[in-house]
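Chain by chain, the residues run as shown.
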Amino acid sequence: MSPRFACACLVLAVSAAALPLGLPAQTAGAASVQVQLGDLLFAEARYAEARDAYERATGADDRRLAVRAGAGVVLSLLRTGEFGAAADAAAAFRQTHPADALTAAVHGDALWSSGLFEEAETAYAEAMRLDAAEPRAHHGRGRSLAATGQLERAQADVQEALRLNPREPEFHHTLGAIYERMHRFDQAAASLGSYLNLLPNRERSMKAAWARAEIRFLESFAGRRPLEIDAPPPGGIWTVPIRIERDKVWVRGKVNGGVQEFVLDTGAEQTVISRDVARRRSIAPITYMQSAGVGHIGLRGLQVGRIDQLEFGALKVRNVPCLIKNPPLGGLPGREPESFSPLALGLSMRVDYAKRQLEMGRALPPASYQHELPMRMHRLAMVRGTINGSLPATFVVDTGGEVISISDATAGLIQPAAPFRRIPLKVYGTSGWDKEAFLMPNVDLEFNRIRFTGIPVVVLNLRAPSALLGFQLGGIVGHKFLSRYRVTIDMERSLVGLEGE
């Protein structure tokens, strides 16, 4: 049993209990001192201390100071990856100050960090209604637009956020990510450079380290057009055969002219190759980046490089970013396979498990779907599910994975109908053996009108991937769920379409 899951950036997470908002009322002078102290500590990346200072000012008589303090508490919790605590604090904050735009925008950020994207979008819209010049609302709406593939509008919104508040590092980071998805690597590098320049001198987070490495990587494409794809065949669709073996979809391609087998893996943010393939195909490493995935290692440093030409049938792509699995992972039951995701190339895809074929294109022909699941693309493709009838959760759509799984954080929120025996499992992922994995029986799970009743699900440690993505992952859906359908992942329409069963 080996779910696949790989990305290439990281924010360290620390768990803590939510702090209650609404301490006894304070004079404006005392509260102002605490807010100023919080701002200074926040600017020095001393987020836990900043949170405490802001907390002491949340009972201020002055509404403006109380709002600033409450926002500071939530944002400090988000900076340290305390997503659940941030969501609780933001909900209390908004109840106390329901008519404030900053309150609504910060609540949107906390909802986003919980993987509740639709609710976050509603909060950002409310913030914009209350004050169209609230920069955090523009940033949140831009990030949401990017997740639904509306990159030009997303760019405009985040640029407006920067016009209103040009010294917020997070806004520059988001703009850089949008430019990278638009394949405008020079502008992406410049935005990430601005992000780094605005960070406190003592900021040593993995996110900052990732940004430095990413800038070096992006600048290595100078004079090259990233992800340059040849003209498509008539009809605009590339079709290649696939084979299914050991609950994985395999597709044959070429790396710099050499034949190579890949796992079709939408749980990988980039094309992934082994150290041996990189050496054989003359792919030089450019820098190292942190990755995170399922497994006891959690964080894993990998090399990144550039494939000169990647081919799948008639599809030819030049200047392809790739992860190189070096150093290789030991202790696995087999070698780590190469991984390929059309989504990493900016292409939509349709995999027909029955006909054993994969279709790829910038726009796919319409189909009559039995089920349509709204999708968010934030580094990986994700859909929303509901657990036991009431608990919403975000799931990665992972064609390279095998089972339906939920995170240990999500499992901790489930109230089982009856006591159950915790059955340990041996699960291998991109970061090794997940020693905490176990089987949870009798779980109800829904995806729109697709319902599973009383099924067993695998519980995985997804803390490192969640921190990497910046929000709490609910779980992963893999081969055993997807292979019952003809699966379309439509980047243009931002949906996962399922046909047949």
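The shown structure was predicted, so the numbers you read here are calculated from the model rather than taken from an experiment.

A. Quick look at the overall build of the protein chain. Secondary structure assignment for the protein chain yields 15 helices and 24 strands. Since a compact globule built from 501 residues should have a radius of gyration of about 23 Å, the 23 Å found for the protein chain is in line with a globular shape. Looking at the protein chain residue by residue over its 501 residues, the buried ones come to 59%. As displayed, the protein chain has an accessible area near 20000 Å², and 52% of this comes from carbon and sulfur atoms.

B. Structural detail: the pattern of salt bridges. Summed over all chains, the structure comprises 37 salt bridges. Notably, a salt bridge pairs D39 with R68, separated by 2.4 Å at the nearest N-O pair. Separated by 29 residues along the polypeptide, D39 in helix 1 (residues 28-43) and R68 in helix 3 (residues 63-79) bring together distant segments of the chain. Through salt bridges with shared partners, a single ionic network connects R79, D109, R136, R143, E168 and E170.

C. Local environment of the pairing of strand 4 (residues 248-255). Among the eight residues in strand 4, six count as buried, and that is most of the element. For strand 3 (residues 243-245) and strand 4, the ladder comprises three bridges, and the chain directions are antiparallel. Bridge assignment links E245 to a residue of strand 4, and that residue is K248. Hairpin geometry of strand 3 and strand 4 is characterised by an intervening segment of two residues between the two adjacent antiparallel strands and by a positive phi of about 55° at R246.

D. Looking closely at the environment of V397. Here V397 is to be found in strand 15 (residues 391-397). Judged by its relative accessible area of 1%, V397 falls in the buried class. Each C-alpha atom, one on V397 and one on R56, is 42 Å from the other, the two residues being 341 residues apart in sequence. If sequence neighbours within four positions are ignored, V397 has contacts with T266, G267, A381, V383, V477, L482, I489 and V496.

E. Main features of the environment of P135. Structurally, P135 can be placed in helix 7 (residues 135-147). Each C-alpha atom, one on P135 and one on N165, is 6.4 Å from the other, the two residues being 30 residues apart in sequence. Those residues within four positions of P135 in sequence are excluded, and the remaining contacts are A161, L164, N165 and F171.

F. Region of the structure containing the packing of aromatic side chains. One pass over the structure, following the stated rule, counts 12 aromatic pairs. Considering the side-chain rings of F117 and F471, the 5.1 Å spacing of their centres and the 85° angle between planes classify their relative orientation as edge-to-face. Highlighted residues: F117 in helix 6 (residues 117-130) and F471 in the loop between helix 14 (463-469) and strand 22 (475-477), separated in sequence by 354 residues. Owing to a relative accessible area of 3%, F117 belongs among the buried residues under this scheme. Consider the rings of F452 and F481, whose centres lie 5.7 Å apart with planes at 65°: the pair is edge-to-face. Of this pair, F452 sits in strand 21 (residues 450-460) while F481 sits in helix 15 (residues 479-482), and the two are 29 residues apart along the sequence. Judged by relative accessible area, which is 14%, F452 ranks as buried. On the basis of relative accessibility, which here comes to 2%, the residue F481 falls in the buried class. By the ring-pair criterion, three or more aromatic residues cluster together here, those being F395, F447, F452, F481 and Y485. The ring of F221 has R306 lying over it, and the distance from NZ or CZ to the ring centre is 5.4 Å. Above the face of the F438 ring, R422 is positioned so that its terminal group lies 3.9 Å from the ring centre.

G. Main features of helix 9 (residues 169-181). Its 13 residues place the ends of helix 9 19 Å apart at the C-alpha level, agreeing with the 18 Å of an ideal helix rising 1.5 Å per residue. In terms of burial, helix 9 is a largely internal element, 11 of the 13 residues being buried. Those residues of helix 9 that fall on the buried side of the exposure criterion are P169, E170, F171, H172, H173, T174, L175, G176, I178, Y179 and E180.

H. Examining helix 6 more closely. Compared with an ideal rise of 1.5 Å per residue, which puts 14 residues at 20 Å, helix 6 spans 20 Å between its outermost C-alpha atoms and is within 8% of the ideal. Among all positions in helix 6, only F117, A120, A123, Y124, A127 and M128 are buried. Each buried residue of helix 6 lies within a common arc of 140° when the element is viewed along its axis, so the set occupies one face. Structural note: helix 6 exposes T122 and R129 on the side pointing more than 90 degrees away from its buried face. Check the buried side of helix 6 and you find it contacts helix 4 (83-96), helix 5 (101-113), helix 7, strand 13 (371-378), strand 14 (380-387) and strand 15.

The rules behind each value
- Residues numbered from 1 in each chain as written.
- Predicted model: local features only at pLDDT ≥ 70, side-chain atom pairs only at ≥ 80, totals over all residues.
- Heavy atoms only, no water.
- Helix = DSSP H or I, 4+ residues; strand = E, 2+ residues; numbered from the N terminus.
- Rg over C-alpha atoms; globule rule 2.2 N^0.38 Å.
- Buried < 20%, exposed > 50% of the residue type's maximum accessible area, 1.4 Å probe, protein only.
- Areas by Shrake-Rupley, 256 points an atom, 1.4 Å probe, with all protein chains shown as cover.
- Salt bridge = Lys/Arg side-chain N within 4 Å of Asp/Glu carboxyl O.
- Pairing = 2+ DSSP bridges.
- Contact = heavy atoms within 4.5 Å.
- Phe/Tyr/Trp six-rings, centres within 6.5 Å; stacked < 30°, edge-to-face > 60°.
- Lys NZ or Arg CZ within 6 Å of the ring centre and 35° of its normal.
- Expected span 1.5 Å × (residues − 1).
- Arc of directions from axis to C-beta.

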